[in-house]
Amino acid sequence: MFDKRLFRPRERVSPEQRKWVSLRGAINEAMREEMRRDPTVFQMGQDIAKAPPFGVTAGLLEEFGSERIRDAPCSEVAMVGAAVGAALGGMRPIVEFQFGDFVSVAIDQITHQAAMLRYLTGGQVNVPIVIRLPCGGGQGAGAQHSQSLYSWFGHAPGIKVALPSTAADAKGLMKMAIRDPNPVLFFEHKALYRTRWPVPPEYRDPDFLVPFGQAAVRRAGTDVSVVATMAMVHHALAAAEELAAEDISLEVIDLRTLVPLDAETIVRSVLQTGRIIVVDEAYLSCSIQSEVIALVGERAFQALKAAPRRLGNPGVPVPFAPQLEDAVLPNQQQIVVAVREVVGRQGK
Amino acid sequence: MEAMDANKKLPMLRQMLLVRRLEDEWGEAYCREDIGGIPPALSTGQEAVSVGACAALGPGDFVFTTHRGQAPQIALGLDVKRIMAELYCRRTGYNKGKSYHITDFSRGVVGMGGIIGAQVPVAAGMALAQKLKGSDRVSLCFFGDGASNEGAVHEAANLAAIWTLPLILLCENNEYCISLPVRAAVKVVNIADRAAGYGLPGVVVDGNDVLAVYEAVISAVARARSGGGATWIEAKTYRLGGHLVHDPQYYRSKDEIAARWEHCPIKRYRAQLVAEGLLTEEKFAQLEAEVAQEVAAAVEFARQSPFPAPEEAFEDLWA
């Protein structure tokens, strides 16, 4: 059902699926609605006005004009710093990084200025900014255009992090992010941009919001808890289908946000299944996978029937050639093998 | 060019005396170990830059400080008691003990300086907000000769130029970035020469002449308010103290420092006001006494104030 090949841009979309909402379309709708609702919302980014490479801001210039949809020069530090300052001045900026990997260029403005100003001033100011970061591999974009760097920001205090995996979540989380008085990093998996999704009726509500800090159980199950984000959620769901035929029942939990993290849903699941695998594209060492395992160890240790497992990029830059890239990023097969091992250790 | 009103000249001297006295007291408190932590960053010798600049601003304008933030804080009328309380780590301080880069957002003072140069893009963003809101308020950032080399500053200056932002980039060249003399850090003699490269007007001013600073900044403010965009001002001054108060300053000679004390901005301004007939020696002594009293009262307030409760370390992270 869900195969990595489905994410390739050339995949055909059925007439029925054309009625569904694309993930990037959902983000566009969220921003459009919030910009109509709130005149303080404006955007900065490279090429967002006339040539957004992933098309997420398409059409916004025509509706809102160039004062509110501002092309910025290649100055990530100034762009993010200006977002911080504009937020102090009462605006709600949305900043697009053309590739999320470029976040490293502006880290200080994010982790030291945006994230800390409220605290350092004893609560005198808020910094309501949203920074959008296209992330993820699987398209042969190379090491500096394929990363998933949210683990860095799970570590830094004062920043919220959203990781949507469906169109509905993308819209609801983006609207929530824009309305949030705190700084938010909004990661968007590039391979999911063009995927299309059916949406619930409430999706059309102008106040359709998805709260932060609430993971979603995408598939209920009894044998193994699989925690995943974004594209990996869909590989986990495909693995669940495959393993159902072997009478192994996976519970697939979509984190949806890294900060705040819904520890309760994860712990509740592990207390029931006794087994956990966390799968993400992030580099394994000191990753969000590690963080989830740590909290499970602290809070559900007595329920564990098997050692917890992490799946991710073992710790190399994402290579360009597809054969190399496929070897580095986790996939459905790796999840299936890991589940069998975790279940096999205790017998079934 | 708007010249300074005679009525405002004496208050500026008082402000400079207040900065000097508060900072001397803060430095002494550290040296006798009444307070600890990272040592005080004093702006001894640089008082005219902040006092002159802030005199040119109005209500609703914003200032972004460096790590030597006390001078603009005082120049913009912040409560000396609450400044001192923050320096003494009390919960009655402006930042409730969270940081000595004091902020009073209600007066438009945003304390930054933990990361040099980072305040400049943020100040540019505040200027952008004013422009987007259709307000005529301006944003002024202080930064030093050392910070002028930071990428953040180049990027922000260019952004201010292309977007015609109501920003005043006030480069306070005190000739040292900790131990590095500006001659070893910047190739050109006038850092303001870079302004033309960004497409901004660049102005060099004697930073130890408080009225000259005022005039330079008021021009820049007028340009910004009328939609004419940003100005880069380089105020030439000299850091008479160490980088931080405990700095033994092995990198420069005592003779050099002594020679520069002759050009102390307070000494110069006092002489100028006396020559203009606006100041007598009695009046000067009276001002010094008032200021000493005000600072002593601030120290007393700080000492009597409670420390923050440990639980407060976990407050104010999230809105």
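Residues numbered from 1 in each chain as written. Chains lettered and ligands numbered in written order. Predicted model: local features only at pLDDT ≥ 70, side-chain atom pairs only at ≥ 80, totals over all residues.

## A few points about the interface of chain A and chain B
- Listed by partner, the interface residues are 33 residues for chain A and 34 residues for chain B.
- Secondary structure elements with two or more residues in the side of chain A that touches chain B: helix 3 (76-88), helix 4 (107-114) and helix 5 (117-120) of chain A.
- Ranked by the residues each element gives to the side of chain A that touches chain B, the list is headed by helix 3 of chain A, at nine residues.
- Each residue belonging to the side of chain A that touches chain B can be placed in one class, and the counts come to 15 nonpolar, 15 polar and three charged. (Contact = placed C-beta atoms within 7 Å. Helix = DSSP H or I, 4+ residues; strand = E, 2+ residues; numbered from the N terminus. Nonpolar A, V, L, I, M, F, W, Y, C, P; charged D, E, K, R; others polar.)

## Regarding the environment of Asp326(A)
- With respect to the helices and strands, Asp326(A) occurs in helix 11 (residues 322-328).
- C-alpha separation for the pair Asp326(A) and Gly140(A), spaced 186 residues apart in sequence, amounts to 9.4 Å.

## Some points on the sheet that holds strand 3 (residues 139-144) of chain B
Residues and elements named next belong to chain B.
- If you trace the six strands from one edge of the open sheet to the other, you get 2-1-3-4-8-7, paired in parallel fashion. In this open sheet, the two edge strands, each paired with only one partner strand, are strand 2 (109-110) and strand 7 (202-206).
- The pairing of strand 7 with strand 8 (residues 231-236) spans five bridges and is classified as parallel. The residue of strand 8 that forms the bridge with Asp206 is Lys236. (Pairing = 2+ DSSP bridges.)

## Let's talk about the packing of helix 2 (residues 47-54) of chain B against helix 9 (residues 210-225) of chain B
All names here are of chain B.
- Contact pair helix 2 / helix 9: the axes reach a minimum separation of 7 Å and the direction vectors enclose 40°. Relative to helix 9, the element helix 2 lies oblique. Both helix 2 and helix 9 take part in a crossing whose hand is right-handed. Contact residues: Ala48, Val49, Val51, Gly52 and Ala53 in helix 2; Val210, Leu211, Val213, Tyr214 and Val217 in helix 9.
- Its residues assigned to classes, the contact of helix 2 with helix 9 shows nine nonpolar, one polar and no charged. (Axes fitted to C-alpha atoms, helices over the stretch in contact; angles between N-to-C directions. Parallel < 35°, antiparallel > 145°, perpendicular 65-115°, else oblique. Left-handed = near helix turned anticlockwise from the far one by under 90°.)

## Points about the nonpolar core
- By size, the foremost hydrophobic cluster in this structure holds 200 residues, and its most contacted members are Ala124(B) and Ile168(B).
- In this structure, this core is formed jointly by two domains, domain 1 (15-204) and domain 2 (216-344) of chain A, each of which donates at least three residues.
- Residues contacting Ile168(B), with those up to four places away along its chain left out, are Val138(B), Leu140(B), Val217(B), Ala220(B), Val221(B), Ala224(B), Ala230(B), Thr231(B) and Ile233(B). (Core = buried A, V, L, I, M, F, W, Y, C linked by C-beta atoms within 7 Å. Buried ≥ 20, exposed ≤ 12 C-beta atoms within 10 Å, placed from the backbone. Domains from an automatic or database assignment.)

## Details of unusual backbone geometry
- Cis peptide bonds are those with omega within 30 degrees of zero, and the linkage from Val259(A) to Pro260(A) qualifies with -5°.
- Along the chain, Pro260(A) falls in the loop between strand 12 (257-259) and helix 9 (263-273).
- A positive phi angle, close to 55°, is found at Lys96(B), a residue other than glycine.
- Assignment of secondary structure puts Lys96(B) in the loop between helix 4 (80-87) and strand 2.

## Thoughts on the domain arrangement of chain A
Residue and element names in this part refer to chain A.
- Parsing chain A into structural domains produces domain 1 (15-204) and domain 2 (216-344).
- Residue assignment for the side of domain 1 that touches domain 2 shows that the elements contributing at least two residues are helix 6 (150-155), strand 6 (160-162) and helix 7 (167-179).
- Of the residues in the side of domain 1 that touches domain 2, the class split is ten nonpolar, twelve polar and two charged.

## A word on the sheet that holds strand 11 (residues 250-254) of chain A
Residue and element names in this part refer to chain A.
- The five strands lie next to each other as 9-11-10-13-14, forming an open sheet whose pairing is mixed. With partners counted over all chains shown, the strands left at the sheet margins are strand 9 (216-219) and strand 14 (309-313), one partner each. Strand-to-strand twist of the sheet, defined as the mean angle between neighbouring strand axes without regard to direction, takes the value 25°.

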